[in-house]
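# Summary of structural features
Listed here are the chains, written in short residue letters.
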Amino acid sequence: MNDTAQRVVLATEDDPLILEHGGRLDHVEVAYETWGELSPQRDNVVFVCHALTGDAHAAGEGGWWANLIGPGRAIDTDRYYVICPNLLGGCRGTTGPSSTNPATGRAWGMSFPLLTMRDLVAVHRLLLAHLGIERLHAAVGGSLGGMQVLQWAIDDPTAIGHAVLVAASSQLTAQNIAFSGVARD
């Protein structure tokens, strides 16, 4: 299995990321990992969106979905090129509250802009554009990751061949938000 961890800058002061609620990020760095080999036609890409407590390390030793991603597994890296990025605001290598705010030189902290599901997906789409990938064989995600896949499929249904949502919905009840708070702790 070809396991690689990489980082790429996808937004700069000259080409900022404008967020759905009007916020602006002049520097967006994304950490991501890949497994498998990209086909010459670039048609074998499976994009994995992680849950709230996840990160880009979905497969391989210590990967949070290692039982699903790998040779001969459900997401077979002998057939598919798998990409899993850290999500925007996730703080594990991708720009988030612990990143330096270019305007102040200090960590963003609580001043980090409010994000929407569309903002998270917009960064995923920027990553794919950077990698020269126009269409996904599949996008897969559980919980918050599934919500990202759902948003992506709604906003750009032709970009995804198969949308696989696991334990996800289009909205959360107050009870579910409370359970998520307990899970984060």
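To start, this report covers the structure provided alongside it. (Residues numbered from 1 in each chain as written. Predicted model: local features only at pLDDT ≥ 70, side-chain atom pairs only at ≥ 80, totals over all residues. Heavy atoms only, no water.)

Now for the overall build of the protein chain. Helix and strand content of the protein chain: three helices and ten strands. Shown N-terminal to C-terminal, the secondary structure of the protein chain runs as helices and strands in the order β-β-β-β-β-β-β-β-α-β-α-β-α. Rg of the C-alpha trace for the protein chain: 16 Å, near the compact-globule value of 16 Å for 185 residues, within the 12% margin. Projected onto the principal axes, the alpha-carbon positions of the protein chain cover approximately 45 × 40 × 35 Å. Looking at the 185 residues of the protein chain, the share that counts as buried comes to 44%. Within the protein chain, contacts between residues separated by at least 24 positions form 64% of all contacts whose residues are at least 6 apart in sequence. Approximately 9,600 Å² of the protein chain is accessible, and the part contributed by carbon and sulfur atoms is 51%. (Helix = DSSP H or I, 4+ residues; strand = E, 2+ residues; numbered from the N terminus. Rg over C-alpha atoms; globule rule 2.2 N^0.38 Å. Buried < 20%, exposed > 50% of the residue type's maximum accessible area, 1.4 Å probe, protein only. Contact = heavy atoms within 4.5 Å. Areas by Shrake-Rupley, 256 points an atom, 1.4 Å probe, with all protein chains shown as cover.)

Glancing now at the environment of Pro-97. Among the structural elements, Pro-97 can be located in the loop between strand 8 (81-85) and helix 1 (117-131). Once the C-alpha coordinates of Pro-97 and Gly-141 are considered, the two residues, 44 residues apart in sequence, prove to be 23 Å apart. Once residues within four sequence positions are removed from consideration, Pro-97 is found in contact with Gly-89, Cys-91, Ala-107, Trp-108, Gly-109 and Phe-112.

Before going further, it helps to examine the side chain of Thr-94. Counting through the fold element by element, Thr-94 comes out in the loop between strand 8 and helix 1. Within the local environment of Thr-94, its side chain forms a polar contact with the backbone oxygen of Asn-86, the two atoms lying 3.1 Å apart. Setting aside residues up to four positions removed in sequence, Thr-94 forms contacts with Glu-29, Val-30, Ala-31, Asn-86, Leu-87, Leu-88 and Ser-99. (Polar contact = N/O pair within 3.5 Å; in protein donor to acceptor, adjacent residues only side chain to side chain.)

Applying the stated rule across the entire model yields three aromatic pairs. Note on Phe-47 and Trp-152: the rings are 5.0 Å apart at their centroids and 80 degrees apart in plane angle, and the pair reads as edge-to-face. Taken as a pair, Phe-47 in strand 5 (residues 45-49) and Trp-152 in helix 2 (residues 144-155) lie far apart in primary sequence, 105 residues in all. Exposure remark for Phe-47: the relative accessible area of 0% places this residue in the buried category. You can call Trp-152 buried: its relative accessible area is 1%. Geometrically, the ring pair formed by Trp-108 and Phe-112 is edge-to-face, given 5.5 Å between the ring centres and 85 degrees between the ring planes. Classification of Trp-108 as buried rests on a relative accessible area of 12%. (Phe/Tyr/Trp six-rings, centres within 6.5 Å; stacked < 30°, edge-to-face > 60°.)

By themselves, these observations are geometric and do not establish any function.
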